[in-house]
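These are the residues of each chain, in order.
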Amino acid sequence: MATVEAHYRDHLAPVYAWMAGGMDAAWGAGAAELDELALAPRSGDLALDLGAGFGMHAVPLARRGVSVLALDSSGQLLDALERSAAGLPLQTVRDDLLNFPRHLPQSPRFILCMGDTITHLPSAASLERLAVMAASEIAPGGVFVISFRDYSQALVGDKRFIHVRGDSDRILTCFLEYAPDVVSVHDMLYQRTGDAWEMTVSSYQKLRVRPDPLIDHLRSLGFSVERQTGMRGMVRLVCTRL
Ligand SMILES: C[S@@+](CC[C@H](N)C(=O)[O-])C[C@H]1O[C@@H](n2cnc3c(N)ncnc32)[C@H](O)[C@@H]1O
């Protein structure tokens, strides 16, 4: 089983933009999600994007004039983000997302952790810690948005095989294997070279985050929490610091 960092470095990062349907499409989808969220930034606000990837949300936020700190553990995805963000008010940091407080120049008014990033954390305890840090670092009245896949109901049988994306030269599918607290994700990538197909497989674990206990925890930390349905059916929690 690969670590999350190795899985992205060796397997997903080189095809991540393709997997997302291209960067322009991803930025368009990120911008549409920001419109839905109606975050209403003010001048001087800082937004922190945890697990920013190549900037699906960070780039459209920065295009709206918000200063963005984009943190991720993948050097390749951050390189892609930096190449796209020239001239925008956006800084990147390569680190583990649990270390985010040490990189903050000021209290962020927005913290985003989108696109299933929290399920990459190593344990439920680390997710609790992340929420505690978000509650103590975010500016008063600030908004913490989390979106993630609800793996709490195990898929069974053929439903565990998921077609992620395919075209004439590349196919990505994954197979999910459920344990009580984690799901093993086996990503199978087929790439065509001439007449031949090469298959590479890499596997990593994701947390089975249960929405209700997470919502209770966030409320206990002083957030008001609204549960919504986000992009591609993900659970989206919009948490406002009271
Ligand atoms: C599923 S992608 C989501 C990317 C982006 N937020 C989006 O919505 O498209 C998860 C991202 O989190 C990053 N990541 C996973 N675990 C991390 C960790 N512990 N610290 C920092 N980044 C992490 C990965 O490198 C990847 O870019």
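Look a little higher up for the structure.
Keep in mind it's a predicted model, so treat the numbers as computed, not measured.

(A) A look at the packing of aromatic side chains. Within the structure shown, the criterion is met by 5 aromatic pairs. Between Phe 144 and Phe 223 the ring centres are 5.8 Å apart and the planes differ by 45 degrees, which places this aromatic pair in the tilted class. On the criterion of sequence distance, the pair formed by Phe 144 in strand β5 (residues 143-148) and Phe 223 in strand β10 (residues 223-229) is long-range, its members being 79 residues apart. Each of the two residues, Phe 144 as well as Phe 223, counts as buried. When the centroid spacing of 4.7 Å and the interplanar angle of 45 degrees are considered together, the rings of Phe 161 and Phe 175 count as tilted. Of the two residues, Phe 161 is situated in strand β6 (residues 161-166) and Phe 175 in strand β7 (residues 170-178); the sequence distance between them amounts to 14 residues. Every member of this aromatic cluster is reached through a ring pair, and the members are Tyr 8, Tyr 16, Phe 54 and Tyr 204. The residue whose ring lies beneath Arg 63 is Trp 27, and the NZ or CZ to ring-centre distance is 4.9 Å. If you follow Arg 170 out to its NZ or CZ, it ends over the ring of Trp 18, 5.1 Å from the centre.

(B) View of the side chain of Lys 206. Assignment of secondary structure puts Lys 206 in strand β9 (residues 196-207). Take Lys 206: its relative accessible area is 9%, and that puts it in the buried class. There is a polar contact of 2.7 Å between the side chain of Lys 206 and the side chain of Asp 116. Among the polar contacts listed, one links the side chain of Lys 206 to the side chain of Tyr 151, at a separation of 3.0 Å. For Lys 206, the residues in contact, after removing those within four places along its chain, are Asp 116, Thr 119, His 120, Tyr 151, Asp 181, Val 182, Val 183 and Val 185.

(C) Region of the structure containing the packing of helix α6 (residues 124-137) against helix α7 (residues 211-220). It is the contact of α6 with α7, at a shortest axis distance of 10 Å, that shows an interaxial angle of 30 degrees. Judged by the angle between their axes, α6 and α7 are roughly parallel. When you trace α6 past α7, the crossing you get is right-handed. Seen from α6, the contacting residues are Leu 127, Glu 128, Ala 131 and Val 132; seen from α7, they are Leu 214, His 217 and Leu 218.

Definitions and limits used
Residues numbered from 1 in each chain as written. Predicted model: local features only at pLDDT ≥ 70, side-chain atom pairs only at ≥ 80, totals over all residues. Heavy atoms only, no water. Phe/Tyr/Trp six-rings, centres within 6.5 Å; stacked < 30°, edge-to-face > 60°. Helix = DSSP H or I, 4+ residues; strand = E, 2+ residues; numbered from the N terminus. Buried < 20%, exposed > 50% of the residue type's maximum accessible area, 1.4 Å probe, protein only. Lys NZ or Arg CZ within 6 Å of the ring centre and 35° of its normal. Polar contact = N/O pair within 3.5 Å; in protein donor to acceptor, adjacent residues only side chain to side chain. Contact = heavy atoms within 4.5 Å. Axes fitted to C-alpha atoms, helices over the stretch in contact; angles between N-to-C directions. Parallel < 35°, antiparallel > 145°, perpendicular 65-115°, else oblique. Left-handed = near helix turned anticlockwise from the far one by under 90°.

Everything listed here is a matter of coordinates, which is why it stays silent on function.
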